[in-house]
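# Working through the structure, step by step
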Amino acid sequence: MELARDPRPAAPNTGANAALLQEVLARHANEEGALLPILHELQDRLGHVPADAVPGIADALNLSRAEVHGVVTYYHHFRSEPAGRHVLQICRAEACQSMGADALLSHAELRLDCASHSTTSDGSFTLEPVYCLGLCASSPALMLDGEPHGRVSARGLDALIAQARSEK
Ligand code: FES
C-alpha cells in the first residue's frame, strides 16, 4: 500500500546537526533502499535520529514524513531522543530468556528506576531490550556502552551499574 505524500514543504532543519544531515543525505540519497542506511548513520553518529531530520530525509528520498517516521518508530534500534550517558542493553531473545533475561531486565528497571526503552530522570542510563547479541552460549547476556557481558546475574548487573556510575 502506498502512503499519501505529505503535501507540505519540508520544515527547515535548523538544528546544529543540519550540516551532518546534509552530508549523510548527499552520500546515500541516490542509493536504492537508502532509508535504513541513512537512519543507521545518523544513529551511529548522533546517538539518535532527531525528529527534525525526518522532513529532510523524506524530501530527499521522495517519501512522506509518515513513511520515514513509521520506519524510525517501527525499529526499536532507532532512538528519537538522545540516549543517557550509559546505554544498557539486555538481551531478551530465546536463549537469554530461558536463562532468566526477563528477571534480569526487571531487576535493571527496579535498580535504575527506569522502564525499558527509556532513560533515567538524571540522564545517566538508557535501558533497552535487544534481541540477540551473539552471546547465546553465555546467556543471559547484555551490552553496556557497547561492551558485551555474559552469564550476568542480578548481583553482577548491580556491579556493572555501580562501576558505570563511578565512571560518570
Ligand atoms: S539469545 Fe541472547 S545473546 Fe543470543
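Look up: the structure comes first, before these words.
Residues numbered from 1 in each chain as written. Predicted model: local features only at pLDDT ≥ 70, side-chain atom pairs only at ≥ 80, totals over all residues. Heavy atoms only, no water.

In this model helix α2 (residues 35–46) runs 16 Å from its N-terminal to its C-terminal C-alpha over 12 residues, within 8% of the 16 Å that 1.5 Å per residue would give. Burial in α2 covers these residues: Leu 35, Ile 38, Leu 39, Glu 41, Leu 42 and Gln 43. For α2, the secondary structure elements touched by its buried residues are α1 (18–28), α3 (54–61) and α4 (65–74). Of the residues trailing α2, Gly 47 is marked for its positive phi of about 85 degrees. (Helix = DSSP H or I, 4+ residues; strand = E, 2+ residues; numbered from the N terminus. Expected span 1.5 Å × (residues − 1). Buried < 20%, exposed > 50% of the residue type's maximum accessible area, 1.4 Å probe, protein only. Contact = heavy atoms within 4.5 Å.)

Leu 35, Ile 38, Leu 39, Leu 42, Ile 57 and Val 68 are the most contacted members of the largest nonpolar core, which has 19 residues in total. Among all residues touching Ile 57, those that are not within four sequence positions of it are Leu 21, Leu 25, Leu 35, Ile 38, Leu 39, Leu 42 and Val 68. Counting residues in each nonpolar core, the second largest holds 16 residues, with Leu 104, Leu 127, Val 152 and Ile 161 among its members. (Core = buried A, V, L, I, M, F, W, Y, C linked by side-chain atoms within 4.5 Å.)

The linkage connecting Ser 139 with the following residue, Pro 140, adopts the cis geometry, with an omega of -10 degrees. Mapping Pro 140 onto the fold places it in the loop between β3 (125–130) and β4 (142–144). If you check the backbone angles, Asp 145 has positive phi at about 50 degrees while not being a glycine. Relative to the helices and strands, Asp 145 resides in the loop between β4 and β5 (147–149). We classify Asp 145 as partly exposed; its relative accessible area is 40%. Positive phi, normally seen in glycine, also occurs at Arg 151, with a value near 50 degrees. The class for Arg 151 is exposed, based on a relative accessible area of 61%.

This part covers the pairing of β3. Along β3, six of the six residues are buried, which leaves the element largely enclosed by surrounding structure. Here β3 shows a buried face lined by Phe 125, Leu 127 and Pro 129 and a second buried face lined by Thr 126, Glu 128 and Val 130. The sheet contact formed by strand β1 (residues 86–91) and β3 spans six bridges and is parallel. For Cys 91, the partnering residue across the bridge sits in β3 and is Val 130. With two bridges joining them, strand β2 (residues 118–119) and β3 adopt antiparallel strand pairing. By the bridge assignment, Ser 118 is partnered in β3 with Leu 127. With antiparallel pairing between neighbouring strands as the criterion, β2 and β3 make up a hairpin whose turn holds five residues, including Gly 123 at a positive phi of roughly 75 degrees. (Pairing = 2+ DSSP bridges.)

What follows concerns a nonpolar patch on the surface. On the surface, Leu 36, Tyr 74 and Tyr 75 cluster together into a nonpolar patch covering about 320 Å² of accessible area. Checked against the element boundaries, Tyr 75 lands in the loop between α4 and β1. (Patch = residues over 30% accessible without salt bridge, like charges linked within 9 Å, V, L, I, M, F, W, Y side chains within 5 Å. Areas by Shrake-Rupley, 256 points an atom, 1.4 Å probe, with all protein chains shown as cover. Salt bridge = Lys/Arg side-chain N within 4 Å of Asp/Glu carboxyl O.)

Here the focus is the sheet that holds β5. Read from one edge of the open sheet, five strands run β2-β3-β1-β4-β5, paired in mixed fashion. On the outer flanks of this sheet lie β2 and β5, each paired with one strand and no other. Where β4 lies against β5, three bridges are found, and the strand directions are antiparallel. In the sheet register, Met 143 faces β5, and the bridge partner there is Pro 148. Along the sheet, helix α7 (residues 154–167) contacts β1, β3, β4 and β5; its crossing angle with β1, the most-contacted strand, is approximately 165 degrees. (Axes fitted to C-alpha atoms, helices over the stretch in contact; angles between N-to-C directions.)

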